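Here are the chains, one letter per residue:
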Amino acid sequence: MEKIIYDTHMHTPLSRHATGWPVDYAKEAIKKNFKGIIFTDHGTVKQYPWVTDVWTIPERIFKEYFSLIEFTKEYIGDVLDIRLGLEVDFIPNNLDMDFLKGLVSCAPFDCLLGSVHCRKPYVWEKYYKTSNLIDAQKRYYEHMTECALSGLFDTITHPDFVKYAAPYDMWHPEKLEKEVGEFLDAVKKMDICIEVNTSGLCMPQPSLYPDDFILRMAFEKNIPVTVGSDAHSPDRVGENFKVAYKKLLEIGYKEVSYYIKRKRHSYKIENALTFVS
């Protein structure tokens, strides 16, 4: 059977918190019989002057990202489809939309991920700190809705990232049904995807991003999904994809999406299961 699986979310050491070079990520994907991978490292956050180069590619070396992925393509050759993407932080209260539009159009990206990294300490302190955790979680989904409606992105990543901002037993998405529904309606309106991110299974209280409650809401609204490992080291490429596929089938999904040249493609989950262990 022809290879079909893409891992649509992974990083490079240029953002200073991932390890291993892109060639190593590619070799891991080849070992796991993947068809392709999409590098989606963190774009610079110049629009947030209070954030230093702590989790994104510093602006001064941003162009090296493109060269690094191009080198990896040439080194690996045709045995793996290697694509260029970007993960972009979106915090509506402090946006320079001209900068963001320039950022997402500065290269021929295959896939653009929109993220709200609310758990970063300085981000939480500035935008989400409150005595009422539910209020903070509602604000997160307001920001996620604006992220989806911006029209900049193909996929909205780890769509319940906020759930680990407090002890996990304090996460009750059913109390956020209205806000989550508005977010998913925005995704539907823009005809984009949400991401099933397997990195949540590595947390102390393992859970896919998003959890079952939100994933069922997305399925009921006929919202397509991508699957990404969010790998920050080569050994994490494609990690727990089998778990994600089985969960998606349980919910009712039949297909998983990925992007090439900003156009959505898909493959059958049942077929993908033959490639993962």
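Above this text sits the structure in question.
A brief structural summary.

Here we come to the state of the cysteines. The full count for this structure, using the stated rule, is zero disulfides. Among the cysteines around C118, which has no disulfide bond, C147 carries the closest sulfur, lying 12 Å off. A relative accessible area of 0% places C118 in the buried class. Free cysteine: C193, not disulfide-bonded; nearest cysteine sulfur from C111 at 8.1 Å. Overall, C193 belongs to the buried group, its relative accessible area being 0%.

Bringing the packing of helix α1 (residues 22-31) against helix α2 (residues 62-76) into the picture now. Contact geometry for α1 and α2: axes closest at 9 Å, N-to-C directions at 45°. If you check the angle between α1 and α2, you find them oblique. The hand of the α1/α2 crossing is right-handed. Here α1 contributes P22, V23, A26, K27 and I30 to the contact with α2, which in turn contributes L68, I69, F71, T72, Y75 and I76. Classifying every residue of the contact of α1 with α2 gives nine nonpolar, one polar and one charged.

Counted according to the given criterion, the structure contains 14 salt bridges. In this structure, K32 and E28 form a salt bridge, with 3.4 Å as the shortest nitrogen-oxygen distance. Take K32: its relative accessible area is 25%, and that puts it in the partly exposed class. Among the ionic pairs, R262 bridges to D154, the shortest N-O distance being 2.7 Å. Linking R262 in the loop between β8 (255-260) and β9 (263-268) with D154 in the loop between α5 (133-149) and β5 (155-156), this pair joins segments that are 108 residues apart in sequence. Connected through shared salt-bridge partners, D212, R216, K247 and E250 make up one network.

Parameters at a glance
Residues numbered from 1 in each chain as written. Predicted model: local features only at pLDDT ≥ 70, side-chain atom pairs only at ≥ 80, totals over all residues. Heavy atoms only, no water. Disulfide = S-S within 2.5 Å. Buried < 20%, exposed > 50% of the residue type's maximum accessible area, 1.4 Å probe, protein only. Axes fitted to C-alpha atoms, helices over the stretch in contact; angles between N-to-C directions. Helix = DSSP H or I, 4+ residues; strand = E, 2+ residues; numbered from the N terminus. Parallel < 35°, antiparallel > 145°, perpendicular 65-115°, else oblique. Left-handed = near helix turned anticlockwise from the far one by under 90°. Contact = heavy atoms within 4.5 Å. Nonpolar A, V, L, I, M, F, W, Y, C, P; charged D, E, K, R; others polar. Salt bridge = Lys/Arg side-chain N within 4 Å of Asp/Glu carboxyl O.

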